[in-house]
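Each chain, letter by letter, is given below.
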Amino acid sequence: MVGKVSERVLLREGLERTDNGMKQTSWPDVTPINQKNYYTDYMKRDDQILALRLQSDATRDRMIQNAKERDRALAAKAANSEVPLPMADLQGEDAAAPTADTTTDPSKVIVIHPGSQNLRIGFASDALPKTIPMTLATKFPQTESEMYEALPRRQFEAKTPDQQYGEEWAKKFQKQSNDLKVEMRANKRKVLPNSKEMVLNYNRRTEPEEIPQHNDPLQIEWTDIGALEDPESPASCFIGHQAERIPDDSDPKFKLWWPIQHGWLNEDDYGTAEHLYDDFETLLDKAIRQELGLTKNSTWKQYSCVFVIPDLYDKKYVESVLRSCMTWFEFSRVCFIQESMAATFGAGYTQACVVDVGAQKTSITCVEDGLVLEDSRVNLKYGGYDITETFVKMMLYDNFPYDEINLRRRYDFLLAEELKIKHCTMSQADVSVQLYQFHVRAPNQPTRKYQFKTYDEVILAPMGVYDPTIFDNSTKLRGRRKLIDRSYNAYDVDIPDDPTSQAQLAILALVKPSLISNGISQLSNDVSTPVKEKPHPFNFLSRVDAALTGTPITSSAPSPAPDGTSTPVPPPFVFGKDGTADSPAPSTQARGGGTPNPSGGQTQSAHGASSSFVEHATRSASDVADERDSVLPVAPLDVAVLTSIQNAARGDEKKLRDLLGSIMVIGGGAKIPQFTNVLEEKLKARRPDLYDRILVSRSARDMDEQVVVWKGASVFAKLSTNDSWIVPLEYERLGARAIHHKVLWSW
């Protein structure tokens with residue numbers, strides 16, 4: 001190492017310093033930070049986030065206003081020579097809002113709950129909402145009954161019922177009918193041996209009776225198409241009940257458009273996303289004008305809006321709703337609430353497993369302390385409409401006298417809904433040969449009176465929620481992602497960020513077992529320590545699958561895991577369709593083990609396991625999401641409920657018992673008699689060890705099941721300390737990013 005050289009040596013060698021020590025630039029020197037110990041508070045304080053800063057400013061303004069009013073009141077009392085009364089020093093969130101603030105007035109808050117079949121809208125101060133069909137009718141060259149095939153789907157030229165509806169469906173129907181007879185005999189119910197033949201023979205020979213118009217006191221008042229606001233404009237339309245009452249043979253013709261189907265935006269029936277969004281906005285616009293009486297756009301700025309969204313939502317849908325509320329309707333503020341959270345608000349429950357049976361979807365979610373448990377969310381694509389269609393299909397199979405019924409026709413759809421509401425039941429005591437009658441009222445035709453008999457169709461159709469294969473699921477995924485792509489992460493544009501749930505993944509794995517490996521690779525990040533698996537009583541999916549396919553259950557013992565583990569972490573709850581049908585653990589294929597299965601073969605070698613993980617590593621997250629979107633989530637209702645509760649409890653036995661004892665059934669599809677009793681019996685049969693703990697009830701306070709969610713949203717809108725409102729300034733500055741800071745759940 002060379003030491004320091006003296007200046008004399010440098011001078012002798014001509015290397016002396018000749019500069020004057022001045023800096024070569026006037027820019028200030030920046031001292032480098034110590035990389036081992038540095039700190040920044042960027043985006044770590046609330047006042048650096050616009051949404052939170054505006055919220056604190058509003059709180060401070062409210063405190064100042066309250067102080068001024070208090071000082072003014074004290075000065076007035078002092079001027080009147082009165083002893084001022086001590087007033088509570090209210091600060092922060094406990095301070096009462098000024099009475100002049102119109103935003104806290106419930107009559108100035110609009111609550112909107114759209115569904116696949118009905119739209120519920122009203123003011124937060126209303127006792128009940130206005131309910132209208134979620135449809136609008138515009139001029140079109142063809143009606144929907146002329147454009148699409150008839151529902152229920154059948155081959156009209158076929159000679160026998162089996163050929164009309166397909167031998168596979170006919171076998172399922174006959175099997176359900178035979179199983180019902182066996183179950184009724186086991187329950188000591190009287191079963192006549194020739195009941196089916198009596199129904200078939202009577203319905204085959206019955207003829208309709210024509211009733212003159214002057215003798216029919218219940219004539220339908222059809223919509224006068226001449227009452228259209230602007231007949232020359234192609235955008236003019238009818239909505240709700242007026243749209244459903246337009247005659248099918250009208251001139252010009254009209255077509256019904258349904259912006260929401262199966263719980264998501266209806267991309268199948270629309271050609272462009274703009275048309276879909278326009279219809280959705282137009283429907284809400286006309287509902288506000290006609291149902292709420294707010295005909296002037298200028299008055300909408302004085303109103304706030306609470307919008308109800310599904311538990312498992314599409315982010316693009318929520319963002320489009322926010323954009324419409326801020327730019328089209330120009331509400332003063334907007335907030336969002338999830339359906340199950342609103343249901344617990346409406347029923348007054350703090351903890352519940354909410355089973356919402358809608359028209360075309362059934363959602364199951366566990367709610368605790370007013371918050372949705374994310375991994376418990378399940379969204380099944382069947383509901384009351386599937387029961388209606390299957391009920392009509394079963395009656396047509398049994399020689400229903402009105403054999404040209406078509407649910408695509410408006411008056412036939414209303415007739416089918418009426419028949420389902422009147423006759424469908426889940427009580428075995430009501431299953432017998434019954435004689436009923438109905439009237440077909442078609443536009444410009446005389447009324448026809450039919451008589452028909454029913455037997456087991458009235459119970460087998462609603463019991464389809466426990467065997468969804470009887471429903472027609474062939475077109476429910478058609479057109480999915482055709483117009484609107486999924487939402488992607490803002491920082492990693494290749495990763496989808498629509499909400500997911502472990503319970504929903506388990507339901508999809510029942511339908512398509514190949515999804516299990518993909519799900520394990522994503523869910524196993526939470527479980528890093530290898531654990532010894534414990535038997536779990538909730539693995540019903542593989543048992544149900546085995547029952548449906550006829551595969552016998554071979555073993556109920558889980559494969560042994562290595563001992564010597566440390567922290568006891570429960571394994572992720574993923575269902576598989578493997579040899580160990582009752583094993584609560586993930587499949588051996590997902591675990592990558594080579595454990596021999598009961599048949600003696602090796603389930604998967606180490607090389608096969610590594611190759612599966614390599615294959616998955618090469619697949620993008622978008623490909624995995626595409627594969628999940630290609631699977632229709634359909635499972636028996638009782639299995640779905642237990643799956644949701646197990647993912648909510650996460651091994652906590654106390655929470656498990658609490659949720660099993662607070663199952664709340666809501667929704668219009670659950671208004672069938674004895675629906676809750678049958679669900680409770682099914683759950684008790686699945687879990688006989690918790691027989692006394694399982695309780696299924698309807699919503700509290702004898703409230704209509706269809707309006708519980710809307711009522712809960714109206715209660716939420718009246719809360720004085722609600723920090724989830726989004727104001728126009730936030731939307732103008734942040735756009736849809738404002739939702740992240742405002743909603744009450746993880747966005």
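Please read all numbers here as calculations on a predicted model, not as lab measurements.

1. A few points about the overall build of the protein
And then number 1: If you tally the helices and strands in the protein, you get 25 helices and 19 strands.
And then number 2: Looking at the protein as a whole, 48% of its 747 residues qualify as buried.
And then number 3: In the form shown here, the protein has an accessible surface area of approximately 37600 Å², with 51% of it arising from carbon and sulfur atoms.

2. Section: the pairing of strand 11 (residues 333–338)
And then number 1: For strand 11, a buried count of six out of six residues is recorded, marking the element as mostly surrounded by other parts of the structure.
And then number 2: What you see with strand 11 is no split at all: Arg333, Cys335 and Ile337 on one side and Val334, Phe336 and Gln338 on the other are buried throughout.
And then number 3: With six bridges joining them, strand 10 (residues 304–309) and strand 11 adopt parallel strand pairing. Bridge assignment links Phe307 to a residue of strand 11, and that residue is Phe336.
And then number 4: With helix 9 (residues 315–328) bridging strand 10 and the parallel strand 11, this β-α-β connection has right-handed handedness.

3. Focus: the pattern of salt bridges
And then number 1: Per the counting criterion, the structure on display carries 42 salt bridges.
And then number 2: Across the pair Arg289 and Asp285 runs a salt bridge, and its minimum N-O distance is 2.5 Å. In this pair, Arg289 and Asp285 both sit in helix 8 (residues 273–291), four residues apart, roughly one turn of the helix.
And then number 3: The class for Arg289 is partly exposed, based on a relative accessible area of 25%.
And then number 4: With a shortest N-O distance of 3.1 Å, Asp638 and Arg686 are connected by a salt bridge. With Asp638 in helix 20 (residues 637–649) and Arg686 in helix 22 (residues 675–686), the pair connects residues that are 48 residues apart, well separated along the chain.
And then number 5: Using a relative accessible area of 25% as the deciding quantity, one classes Arg686 as partly exposed.

4. Observations concerning the sheet that holds strand 6 (residues 238–239)
And then number 1: If you trace the three strands from one edge of the open sheet to the other, you get 6-4-7, paired in antiparallel fashion. Among the strands making up the open sheet, the edge pair consists of strand 6 and strand 7 (254–257).
And then number 2: In this structure, strand 4 (residues 136–139) lies alongside strand 6, joined through two bridges in antiparallel fashion. Each residue of the ladder has a partner; that of Ala137, found in strand 6, is Phe238.

5. Regarding the side chain of Thr447
And then number 1: Its place among the elements puts Thr447 in strand 17 (residues 447–454).
And then number 2: Reaching out from Thr447, the side chain makes a polar contact with the side chain of Asp216 at a distance of 2.9 Å.
And then number 3: Among residues more than four places away in sequence, those in contact with Thr447 are Glu209, Glu210, Ile211, Asp216, Gln219, His439, Val440 and Arg441.

6. So, the sheet that holds strand 2 (residues 118–123)
Sheet strands pair via backbone hydrogen bonds, and the direction of the pair is either parallel or antiparallel.
And then number 1: With mixed pairing, five strands are arranged side by side in an open sheet as 3-2-1-10-11. Of all strands in the sheet, those with a lone pairing partner are strand 3 (130–133) and strand 11, marking the two edges. Averaged over all neighbouring strand pairs, the angle between strand axes comes to 20°, with direction disregarded.
And then number 2: Seen against the sheet, helix 9 touches strand 1 (109–114), strand 10 and strand 11 and runs at an angle of roughly 155° to strand 11.
And then number 3: Each of strand 1, strand 10 and strand 11 touches helix 10 (residues 339–347); the most contacted strand, strand 11, lies at about 90° to it.

7. Description of the state of the cysteines
And then number 1: On inspection of all chains with the given rule, the structure shows zero disulfides.
And then number 2: The thiol of Cys305 is not disulfide-bonded; the next cysteine sulfur, from Cys325, is found 4.3 Å away.
And then number 3: Not part of a disulfide, Cys366 finds its nearest cysteine sulfur in Cys353, a span of 3.9 Å.
And then number 4: Among the residues examined, Cys366 registers a relative accessible area of 0% and is labelled buried.

What counts, and where the lines are drawn
Residues numbered from 1 in each chain as written. Predicted model: local features only at pLDDT ≥ 70, side-chain atom pairs only at ≥ 80, totals over all residues. Heavy atoms only, no water. Helix = DSSP H or I, 4+ residues; strand = E, 2+ residues; numbered from the N terminus. Buried < 20%, exposed > 50% of the residue type's maximum accessible area, 1.4 Å probe, protein only. Areas by Shrake-Rupley, 256 points an atom, 1.4 Å probe, with all protein chains shown as cover. Pairing = 2+ DSSP bridges. Right-handed = clockwise from strand over helix to strand, strands pointing away. Salt bridge = Lys/Arg side-chain N within 4 Å of Asp/Glu carboxyl O. Polar contact = N/O pair within 3.5 Å; in protein donor to acceptor, adjacent residues only side chain to side chain. Contact = heavy atoms within 4.5 Å. Axes fitted to C-alpha atoms, helices over the stretch in contact; angles between N-to-C directions. Disulfide = S-S within 2.5 Å.

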